Amino acid sequence: MPPANLTPTKWPKTLTAEHLHRLVRAERDPRRALALFDAVTAASFSTSAPPAPILPSPDTVSLLTSRLASAGLLPLATSLLSRSRAFFPSAADLEPPFLTLLRAFARTHRPLAALQLFRSAPSALSLPHSARSYTAVLATLVAHSQLLLAQSLLADMRAAGFAPTTATYNVLLKAHCSDAAAPIDDAVRLFRNIPKPDACSYNTLIDGLCRRSRRAEALELFSEMVANDIAPTVVTYTTVINWLAREGCLDDALEMFEEMARRGIAPNVVTYSSLIDGLCKGGRAALALELLDRMVKEKKLPNTITYSSVINGLCKEGRLREAMEILDRMRLQGRKPDAGLFGKLIVGLCDAGRAVEAANYLDEMVLAGVQPNRVTWSLHVRINDAVVTALCAKGEAGRAFRVYQSMRTRGISTEPGTFHLLVEFFSKKNNLEKAAHVVLDMLSERCIPERETWDVIISGYWSKKKVRQEVEKMWKQLIVT
């Protein structure tokens, strides 16, 4: 793609590297920022150019490299890095933007490209490998499950004379803990070989132990961390609280939460959400509501997951009015409920026999543009079927048929049991036209009615006086013949 046209720039009388950094940072378009960078650092200028070329700082190159990479312009970012080698006599100055580019390849899910850039650095950029660059590429390979390549690179690192740093060990530790097939004991042995484990080392292994239901060992490691004067972080506490809450150890989770406050560590949204979810699943929605209010007072806005947990817990306990209030509060804060959240409230209302209110919320969900996709398709089917079933149970024939027609219009399939229920319901209401309509819809979807369904609708027609009289008359004629 051609480079962006740079609009005429009014250059200051004295242009410095600091000016250049501010100009690049202020320009929102990364292509224009690159064109500006090239104009200022060029060796020859037009009459409108600045009076002398400017030597950029490593921070400016790092900033521009990061912005190009974040915009998906990786070839331009790579080219910039290659050209920037001429600006810096020391290879150490080029390493920060080089590491930035390596991490950008990781963010764009291109681990092999990151490895190729790393391999070519000594020849293409005259940039020797370092422990930091080895660690950055190892982290990228591990994050994308390229474990064999990561092991090979680690062997190369040791052969090159670079002793693994704590950061390197942390990358390997994460690889062992995130791989469900890997024995966690291997991770424990690796952890014990780290000369100076840091908070990240402890956090990673604690999470790995919790994932494998070895909670007692995780808590022992937490105590060891404190004893070794390594201060637990919000990540440490959130990890432990999350797994305690998941396993139903709610009192222990609450105690850990209070310990955070005593240590002056502020919980984040994930901490609150994990604890609130556990309390709601454990039948303690009232305490979850208190935490939700505390969360808002601390200006930590709940996310959709938090609200969904609270609404689900309230619905399970039959506290539907409060669940509806929470939904309204959520929308006032600009959060948009998804199908899962609407579904919890709608099904809760259906279970409580409040079918019309459930249908109203279903209408709200449709009007809000919450449409089914491949992931939520079965959820939409269950929600709509639940509303139709509840309306039939309440004798709401007209509303039930409108919801059914809406399902058909939106392409949401109907379960065979719901088809049968509608046929039976309309037949008993002597609305045979609608019952026959439903049967025809069944056949169009190649859903063959069961014998019970045929019995219901035929019995309905048979109960009609005129139909029975005509059939009896035809039967007599057949007997005479």
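Just above, that's the structure.
So, here's what we can say about the structure. Because the structure is a prediction, the values reported are computed rather than measured.

Each helix and strand in the protein was counted, giving 26 helices and zero strands. Rg of the C-alpha trace for the protein: 33 Å, well past the compact-globule value of 23 Å for 481 residues, more than 25% over. In terms of overall dimensions, the protein has C-alpha extents of about 115 × 65 × 45 Å along its principal axes. For the protein, buried positions account for 44% of its 481 residues. Taking the intrachain contacts of the protein between residues at least 6 apart in sequence as the baseline, contacts between residues at least 24 apart amount to 60%. Counting every atom, the protein has about 25100 Å² of accessible surface; 55% of that belongs to carbon and sulfur. A gap of 6 Å separates the mean positions of the 60 positive and 48 negative side-chain charges of the protein.

Look at helix α5 (residues 91-107) against helix α7 (residues 131-143): their axes get within 9 Å of each other, and the N-to-C directions meet at 5 degrees. Taken together, the axes of α5 and α7 are roughly parallel relative to one another. From α5, E95, F98, L99, L102 and A106 reach across to α7, where they touch R132, S133, A136, V137 and T140. Split by residue class, the contact of α5 with α7 holds six nonpolar, two polar and two charged.

The next thing to look at is the packing of aromatic side chains. Counting across every chain of the model gives ten aromatic pairs. With a centroid separation of 4.9 Å and 75 degrees between ring planes, the pair formed by F191 and Y202 is classed as edge-to-face. Linking F191 in helix α10 (residues 184-192) with Y202 in helix α11 (residues 199-211), this pair joins segments that are eleven residues apart in sequence. In this structure, F191 and Y202 share a single accessibility class: buried. Ring centres of F401 and Y404 lie 6.0 Å apart, and the angle between their planes is 40 degrees; on these two criteria the pair is classed as tilted.

This part is about the nonpolar core. Within the largest apolar cluster, 142 residues are counted, with the highest numbers of intra-cluster contacts made by L102, L205, I276, L345, I346 and V387. Setting aside chain neighbours within four positions, we find I346 in contact with A358, Y361, L362, I383 and V387.

On to the packing of helix α16 (residues 285-297) against helix α18 (residues 320-332), then. It is at 13 Å that the axes of α16 and α18 come closest, and there the two elements cross at 15 degrees. With respect to their mutual orientation, α16 and α18 come out roughly parallel. For the element pair α16 and α18, the recorded crossing hand is left-handed. Of the residues in α18, those touching α16 at L289, L292, D293 and V296 are E322, I326 and R329. Across the contact of α16 with α18, the residue classes break down as four nonpolar, no polar and three charged.

Take the pattern of salt bridges next. What the rule picks out here adds up to 27 salt bridges. Close ionic contact of E18 with R22 constitutes a salt bridge, the shortest N to O distance being 3.1 Å. Of this pair, E18 and R22 both sit in helix α1 (residues 17-26), four residues apart, which is roughly one turn of the helix. A salt bridge links D207 to R211; the nearest nitrogen and oxygen atoms lie 2.8 Å apart. Taken together, the positions of D207 and R211, both in helix α11 and four residues apart, correspond to about one turn of that helix. What emerges from the salt-bridge pattern is a single network uniting E258, R294, E298 and K300.

If you trace the backbone, P89 turns up in the loop between α4 (74-84) and α5. Classification of P89 as exposed rests on a relative accessible area of 76%. Separated by 19 residues in the primary sequence, P89 and S70 place their C-alpha atoms 27 Å from one another.

Time to look at unusual backbone geometry. Located in the positive-phi region is S145, a residue other than glycine, with phi close to 60 degrees. Looking at the secondary structure, you find S145 in the loop between α7 and α8 (147-159). Judged by relative accessible area, S145 falls into the exposed class, the value being 60%.

Our next topic: a nonpolar patch on the surface. Nonpolar side chains collect at one region of the surface, where L440, L443, I448, W454 and I458 lie side by side and expose about 510 Å² of accessible area between them. Counting only elements with at least two residues in the nonpolar patch, the list comes to α24 (432-444) and α25 (451-462). Turning to its location among the elements, W454 is positioned in helix α25.

Our focus in this paragraph is α24. Given a rise of 1.5 Å per residue, 13 residues ought to cover 18 Å, and the 18 Å separating the end C-alpha atoms of α24 matches this to within 8%. Looking one or two residues past α24, R446 carries a phi angle of roughly 60 degrees, positive in sign.

What sets the pattern is the α-helix's 3.6 residues per turn: residues three or four places apart point alike. The first and last C-alpha atoms of α11 sit 18 Å apart over 13 residues, in line with the 18 Å expected at 1.5 Å per residue. Within α11, eleven of the 13 residues are buried, which leaves it mostly tucked inside the rest of the structure. Of the positions making up α11, those classed as buried are A199, S201, Y202, N203, T204, L205, I206, D207, G208, L209 and C210. The elements touched by buried residues of α11 are α9 (166-178), α10, α12 (215-227) and α13 (234-246). For α11, the N-terminal capping position is held by D198, with its side-chain oxygen 3.2 Å away from the main-chain nitrogen of C200. Directly after α11, the chain includes S213, whose backbone phi takes a positive value near 60 degrees.

A few words now on the side chain of K300. Considering the arrangement of structural elements, one finds K300 in the loop between α16 and α17 (304-316). Here the side chain of K300 touches P267 through a polar contact of 3.5 Å, landing on its backbone oxygen. Beyond its immediate chain neighbours, meaning those up to four positions away, K300 contacts A266, P267, N268, V269, Y272 and M295.

Here we come to the environment of P58. Here P58 is to be found in helix α3 (residues 58-70). Taking the C-alpha atoms as reference points, P58 and P97, 39 residues apart in sequence, are found 7.0 Å from one another. Setting aside anything within four residues of it in sequence, one finds P58 in contact with F88, D93 and P97.

Let us now look at the state of the cysteines. Under the criterion given, the structure shown has zero disulfides. Summary of cysteine pairing: C177 is not part of a disulfide, and the nearest cysteine sulfur, belonging to C200, is at 10 Å. Left without a disulfide partner, C249 is nearest to the cysteine sulfur of C210, which lies 10 Å away. Classification of C249 by relative accessible area gives buried; the value is 18%.

Reading the values: the criteria
Residues numbered from 1 in each chain as written. Predicted model: local features only at pLDDT ≥ 70, side-chain atom pairs only at ≥ 80, totals over all residues. Heavy atoms only, no water. Helix = DSSP H or I, 4+ residues; strand = E, 2+ residues; numbered from the N terminus. Rg over C-alpha atoms; globule rule 2.2 N^0.38 Å. Buried < 20%, exposed > 50% of the residue type's maximum accessible area, 1.4 Å probe, protein only. Contact = heavy atoms within 4.5 Å. Areas by Shrake-Rupley, 256 points an atom, 1.4 Å probe, with all protein chains shown as cover. Lys, Arg positive; Asp, Glu negative; His and termini not counted. Charge placed at Lys NZ, Arg CZ, Asp CG, Glu CD. Axes fitted to C-alpha atoms, helices over the stretch in contact; angles between N-to-C directions. Parallel < 35°, antiparallel > 145°, perpendicular 65-115°, else oblique. Nonpolar A, V, L, I, M, F, W, Y, C, P; charged D, E, K, R; others polar. Phe/Tyr/Trp six-rings, centres within 6.5 Å; stacked < 30°, edge-to-face > 60°. Core = buried A, V, L, I, M, F, W, Y, C linked by side-chain atoms within 4.5 Å. Left-handed = near helix turned anticlockwise from the far one by under 90°. Salt bridge = Lys/Arg side-chain N within 4 Å of Asp/Glu carboxyl O. Patch = residues over 30% accessible without salt bridge, like charges linked within 9 Å, V, L, I, M, F, W, Y side chains within 5 Å. Expected span 1.5 Å × (residues − 1). Polar contact = N/O pair within 3.5 Å; in protein donor to acceptor, adjacent residues only side chain to side chain. Disulfide = S-S within 2.5 Å.

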